[in-house]
Amino acid sequence: MNLLDWISVDEQKPVLAHELTHALQDQHLDLDKWSDQTPPDVSHTSSEDSDHLAKDELDTAREAVTEGQATAVMMDDILKPMGKSLIGDPEIVDYIKQQMSGSDNSPILARAPLLLSESLLFPYREGLSFEQDVWMDRGQAAAFTGALDRPPSSSWEIMNPREYEQGHVPSIPYLPDIHPLVDGTYRPYDIGQVGQLDLHILAGLFGGDGAARDLTPAWDGGIYWAGQRLSATTPAEQASTKSISFFYLSVWKNAASAQAFTHLYADELGRKYSGLKSDKAAAQVSDEADGTVEQVYSSNEGPVVITRRGKLVFVSESFDLPMARQLATLILGAQGSGPLQSASTARPSTQSGTAVAADGFNPHETLTAPVVRFLSSCGVTKAAVDAALEATHSGR
């Protein structure tokens, strides 16, 4: 650990408390191994797909535990001289979270795209709330060693800590074997969950704070798969987004939310593709029997098809229309009319990914890990410290 010789030691003590908490976590378990459970390769078979989906949000949840614990210790260290604490004065956390989200405390985060800033803030901001709630409900041991020994497996549990406390885990939409259908045309490119955090960010990107606030609680699962055309053989062809096709299945708690998301997603397409046109002639007539509604668009990168059936919304982009419809029929039909099937019934012991946003930006591919960690430590931790100090100075 390196301290800065141009800043007083007293000013660095809160961050020191934060980092020493990570050292204590590492003494309890192998923190590097525990925090890095990402499947190393893209999946190529149906069983590998299921395994990848079951593990896809683990690192997101585990990072929120480790950073939430370290931030909680840091905040208590800052608040103690004022006679305050996270447990004794729980309202302080709401103010701290609000300040962390503001732009004044971190110019770096203020300039960052929403996807990047929200991804960086999540483990500190929502992790802090998660730890505070578990600490207040179940005690300090449950919030610290308990959360390390029985970690949450999803962003949904972090955002809904009482569900975690009751041992609930979110269902993962079932992905049937798509490989006989796609392998002749595509090589697997990416796969993952669209967790509640991902949906919160997407809704914010598409519709602003109001859409994120309204749709996030209605989320009930999501998965995506992307493939690259085998015909893309040159570096230039492979670098082009035209070589990539993907589908996204989202599940909602009610049909009204599914319809609202469909409208939100469709409205965003014009900003994503040039030459987008609604192809009403190609769209199939709605199936009144099962409530299926199909919207078809043409774009400079191929067809976009949005198929809504009750609480399910299936989006395919750049697949040929016949294959898009075959995928929609296969995947929507596999969900059944009862409870969603889960990719894994047991709490898995491995990892997370972040869904690619509508503009194709993925911070984990665009930025190297050291840069992400640098932004986290310099931007987010500073924002957290400043927010806590502001809370104490304002008398909250």
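Here, every reference points to the structure presented above.
Residues numbered from 1 in each chain as written. Predicted model: local features only at pLDDT ≥ 70, side-chain atom pairs only at ≥ 80, totals over all residues. Heavy atoms only, no water.

K.L.:
So what's going on with a negative patch on the surface? Which residues, and what values?
P.N.:
Side chains of Asp26, Asp30, Asp32 and Asp36 sit close together on the surface and give a patch of like negative charge. Structurally, aspartate 30 is set in the loop between helix H1 (9-28) and helix H2 (31-35). Classification of aspartate 30 as partly exposed rests on a relative accessible area of 45%. (Patch = residues over 30% accessible without salt bridge, like charges linked within 9 Å, V, L, I, M, F, W, Y side chains within 5 Å. Areas by Shrake-Rupley, 256 points an atom, 1.4 Å probe, with all protein chains shown as cover. Salt bridge = Lys/Arg side-chain N within 4 Å of Asp/Glu carboxyl O. Lys, Arg positive; Asp, Glu negative; His and termini not counted. Charge placed at Lys NZ, Arg CZ, Asp CG, Glu CD. Helix = DSSP H or I, 4+ residues; strand = E, 2+ residues; numbered from the N terminus. Buried < 20%, exposed > 50% of the residue type's maximum accessible area, 1.4 Å probe, protein only.)

K.L.:
Could you give me a rundown of the nonpolar core, with the residues and numbers involved?
P.N.:
Membership of the largest hydrophobic core comes to 29 residues, with the highest contact counts inside it found for Tyr248, Trp252, Phe261, Tyr265 and Ile306. At the level of elements, helix H12 (196-215), strand S2 (219-229), strand S3 (244-252), helix H14 (255-272), strand S6 (304-309) and strand S7 (312-317) are the ones that each hand at least two residues to this core. Here tryptophan 252 is in contact with Leu199, Leu215, Ala218, Trp219, Asp220, Ser257, Ala258, Phe261, Lys311 and Val313, once residues within four sequence places are set aside. Ranked by size, the runner-up nonpolar core spans 23 residues in total, among them Trp225, Phe319, Met323 and Ala328. (Core = buried A, V, L, I, M, F, W, Y, C linked by side-chain atoms within 4.5 Å. Contact = heavy atoms within 4.5 Å.)

K.L.:
Would you mind going over the sheet that holds strand S4 (residues 277-278) in detail, with residue names and values included?
P.N.:
Taking strand neighbours across the sheet as the criterion, the 7 strands line up as S1-S2-S3-S7-S6-S5-S4 in an open arrangement whose pairing is antiparallel. Of all the strands in the sheet, the pair left with one neighbour each is strand S1 (186-193) and S4. Relative to S7, S6 is paired through 6 bridges, and the arrangement is antiparallel. From the neighbouring strand, threonine 307 faces S7, where its bridge partner is phenylalanine 314. (Pairing = 2+ DSSP bridges.)

K.L.:
So, the pairing of S6: which residues are in play, and what are the values?
P.N.:
Most of S6 is tucked away: 5 of the 6 residues are buried. Across 6 bridges, the pairing between strand S5 (residues 292-298) and S6 is antiparallel. Opposite glutamate 294, over in S6, you have threonine 307 as the bridge partner. Between S6 and S7, which follow one another and run antiparallel, lie 2 residues, and glycine 310 among them has a positive phi close to 65 degrees.

K.L.:
Give me the lowdown on the packing of H12 against H14, citing residues and values where you can.
P.N.:
At a closest axis distance of 11 Å, the pairing of H12 and H14 adopts a crossing angle of 135 degrees. As the angle between them shows, H12 and H14 are arranged oblique. Judged by the sense of rotation from one axis to the other, the crossing of H12 with H14 is right-handed. Facing Leu199, Ala203, Leu205, Phe206, Gly207, Ala211 and Leu215 of H12, the residues of H14 in contact are Ser257, Ala260, Phe261, Leu264, Tyr265, Glu268 and Arg271. Considered class by class, the residues forming the contact of H12 with H14 number 10 nonpolar, 2 polar and 2 charged. (Axes fitted to C-alpha atoms, helices over the stretch in contact; angles between N-to-C directions. Parallel < 35°, antiparallel > 145°, perpendicular 65-115°, else oblique. Left-handed = near helix turned anticlockwise from the far one by under 90°. Nonpolar A, V, L, I, M, F, W, Y, C, P; charged D, E, K, R; others polar.)

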